[in-house]
Amino acid sequence: MKIMSIVLAAGQGKRMKSKQYKVLHPVCGKPMVGHVLDTVIQAKSEKTVVVVGHGAEQVQAFIGQQAQFVKQEQQLGTGHAVQQAEGLLGLEEGITIVICGDTPLVQASTIEQMLKLHQESGAVATILTALFENPTGYGRIIRNEAGIVERIVEQKDCSDAEAEVQEINTGTYCFDNKKLFEALSRVTNDNAQGEFYLTDVIELFRQDQEVVQGYCTSDIAEAIGVNDRVALAEAEQYMRTRINRQHLVNGVTIIDPASTYIESDVVIGADTMIYPGTVLRGKTTIGEDCILGPQTDLSNCSIHNGVTIKHSVLDHAEVGDESSIGPYAYLRPGTKVGKHCKVGDFVELKNAILDDGSKVSHLSYVGDAEVGKEVNIGCGAITVNYDGFNKSKTVIGDHAFIGSNVNLVAPVNVGQGAYVVAGSTITRDVPAGDLAIARQRQENKPEYAEKIRARAKAKKDGK
Ligand code: UD1
Ligand code: CA
């Protein structure tokens, strides 16, 4: 059976009180609508239509090629929203999943179970439901004495008795595609909100003696519809717990999952150990046997195996096997650290390549640079890459030694095996194997220390 899906994402989300459109608010680093799309694609949707309206351009730009789009010019309700997809899907035979762009926690495995029930029972509609202790705000599932779903009643249309019902509509459904559009053509907006409710098709199906199923999920997180920031924070917490749990199951040690923030697309190898206060964002990948944190923030980084990173911030950086970063290092975009390197405390690297076995142990800035293998950059040595107008490059050959507190004024090359004496300000290339010294010679004035103290004291005493 062909599986299709419709994602409802046209609403503005007034209750979010935000300049950002609702479905673009991130949960664990990914816009809500992105999570929903991942889910339907994972549930093998062959044709996916996203209904856009408010913020259509931004939503479309985010989703790109993953779906087709239809525009709902006026937000007249969820039923009206689904109707907009009729032009693209109306003639198809198959099952259509309808899901809201603000329910980021629905899982593909749950949709697959719904689809199974739907097909095996010959249903025309299967609703994903959940039992909430406090169902306020959600549509209620009204079942008859035999337990068969008869209708869905919105909060604002509930009688007192209906408001007591704790089984709620999550806003995710499977429908017989053709019957869905046929029923929608009969839905009216005769209700408390004057909207065309998608939920009204259920009662129409029952009048037609069709089979309607309710599939109740035991994971209440799946049912969260994010209408305001309170629910957004709840969704974030549920999603974080779910992500961390999956890494734990996969063999990652997380010392304190409650204080570890891992975004949804992050990949982590087994036997990596994560200390509290670690934030892993974007497309970050971490190898096996790494030690991360405490207090470490990685965005879009590629970290290989056996790497240690403590108290550091890395953004678009790559770190090779068995290297050690921090504490208190800052690796900015374009940084590539090789194998067995050491980047120590208060070191900043930007757009810099550090080849295997090199060390920048303390208090350095290395920017716009290519550093060869087994190079030692001494404490406080820096590249001077910016003259106020242009950025220039520093190249350091294999096995070179850069003494402490050296300034390498770029553009400049230090050849293989060269030795730059501490405190030098290097403005010209250093050929391979040379020693460079560029600082003033020291003069010692014998016993002058006492003299200068005596002079200072006399001045103070007014003599
Ligand atoms: C909806 C359901 C309710 C369910 C809840 C679950 C209806 C009538 N009600 O209520 O039974 O318990 O979801 O979270 O369906 N949208 C459009 N165009 C519109 C209106 C809405 O695209 O004209 C989109 C919104 O962007 C949103 C989704 O549909 O992503 C749901 O709309 P929302 O207004 O949040 O519905 P709820 O009141 O939460
Ligand atoms: Ca909602």
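The preceding data block contains the structure.
Residues numbered from 1 in each chain as written. Chains lettered and ligands numbered in written order. Predicted model: local features only at pLDDT ≥ 70, side-chain atom pairs only at ≥ 80, totals over all residues. Heavy atoms only, no water.

Strands belonging to one sheet form pairs held by backbone hydrogen bonds; the direction of such a pair is parallel or antiparallel. The strand order across the open sheet formed by 11 strands is 12-15-18-21-24-27-29-31-34-37-39, and the pairing between neighbours is parallel. The open sheet terminates on both sides in strands that have one partner only, identified here as strand 12 (253-254) and strand 39 (435-436). By the bridge criterion, two bridges tie strand 12 to strand 15 (residues 273-274) in an arrangement that is parallel. Paired with Thr-253 across the two strands is Met-273, which belongs to strand 15. (Pairing = 2+ DSSP bridges. Helix = DSSP H or I, 4+ residues; strand = E, 2+ residues; numbered from the N terminus.)

What follows is about the nonpolar core. Ranked by size, the top nonpolar core spans 60 residues in total, and within it Ile-303, Leu-314 and Leu-331 carry the most contacts. With five residues, the single largest contributor to this core is helix 9 (residues 229-249). The residues touching Leu-331, leaving out its near neighbours within four places in the chain, are Val-313, Leu-314, Asp-315, Ala-317, Val-319, Ile-325, Val-337, Val-343 and Leu-349. If you look at the next biggest cluster of nonpolar residues, it comprises 31 residues, including Val-82, Val-98, Tyr-173 and Val-187. (Core = buried A, V, L, I, M, F, W, Y, C linked by side-chain atoms within 4.5 Å. Buried < 20%, exposed > 50% of the residue type's maximum accessible area, 1.4 Å probe, protein only. Contact = heavy atoms within 4.5 Å.)

To continue, consider the site of ligand 1. Surrounding ligand 1, one finds 23 residues, the nearest of these being Gly-11, Gln-72, Thr-78, Glu-154 and Asn-169. Here an oxygen atom of ligand 1 and a backbone polar atom of Leu-8 are 2.9 Å apart. Asp-102 has a polar side-chain atom sitting 3.2 Å from an oxygen atom of ligand 1. Relative to its unbound accessible surface of 750 Å², ligand 1 loses 90% to contact with the protein. Within the residue set of the shell around ligand 1, elements represented by two or more residues are strand 1 (3-9), helix 3 (78-83) and strand 10 (167-176). Within the shell around ligand 1, the residues separate by chemical class into eight nonpolar, 12 polar and three charged. (Near = heavy atom within 4 Å. Polar contact = N/O pair within 3.5 Å; in protein donor to acceptor, adjacent residues only side chain to side chain. Areas by Shrake-Rupley, 256 points an atom, 1.4 Å probe, with all protein chains shown as cover. Nonpolar A, V, L, I, M, F, W, Y, C, P; charged D, E, K, R; others polar.)

On to a nonpolar patch on the surface, then. Together, Tyr-328, Phe-346 and Leu-363 give the surface a local cluster of nonpolar side chains, amounting to about 320 Å² of exposed area. Within the secondary structure, Tyr-328 sits in the loop between strand 24 (324-325) and strand 25 (330-331). Residue classification places Tyr-328 among the partly exposed positions, given a relative accessible area of 43%. (Patch = residues over 30% accessible without salt bridge, like charges linked within 9 Å, V, L, I, M, F, W, Y side chains within 5 Å. Salt bridge = Lys/Arg side-chain N within 4 Å of Asp/Glu carboxyl O.)

What follows concerns the packing of aromatic side chains. For the structure on display, the rule yields five aromatic pairs. With a centroid separation of 5.1 Å and 90 degrees between ring planes, the pair formed by Phe-132 and Tyr-138 is classed as edge-to-face. By relative accessible area, Phe-132 is classed as buried at 11%. A relative accessible area of 19% means that Tyr-138 is categorised as buried. Summarising the aromatic geometry, the rings of Tyr-328 and Phe-346 are spaced 5.4 Å apart at their centres and angled 10 degrees between planes, so their arrangement reads as stacked. One end of the pair, Tyr-328, is in the loop between strand 24 and strand 25; the other, Phe-346, is in the loop between strand 27 (342-345) and strand 28 (348-354), with 18 residues separating them in the sequence. What links up through ring pairs into an aromatic cluster is the set Tyr-173, Phe-175 and Phe-205. (Phe/Tyr/Trp six-rings, centres within 6.5 Å; stacked < 30°, edge-to-face > 60°.)

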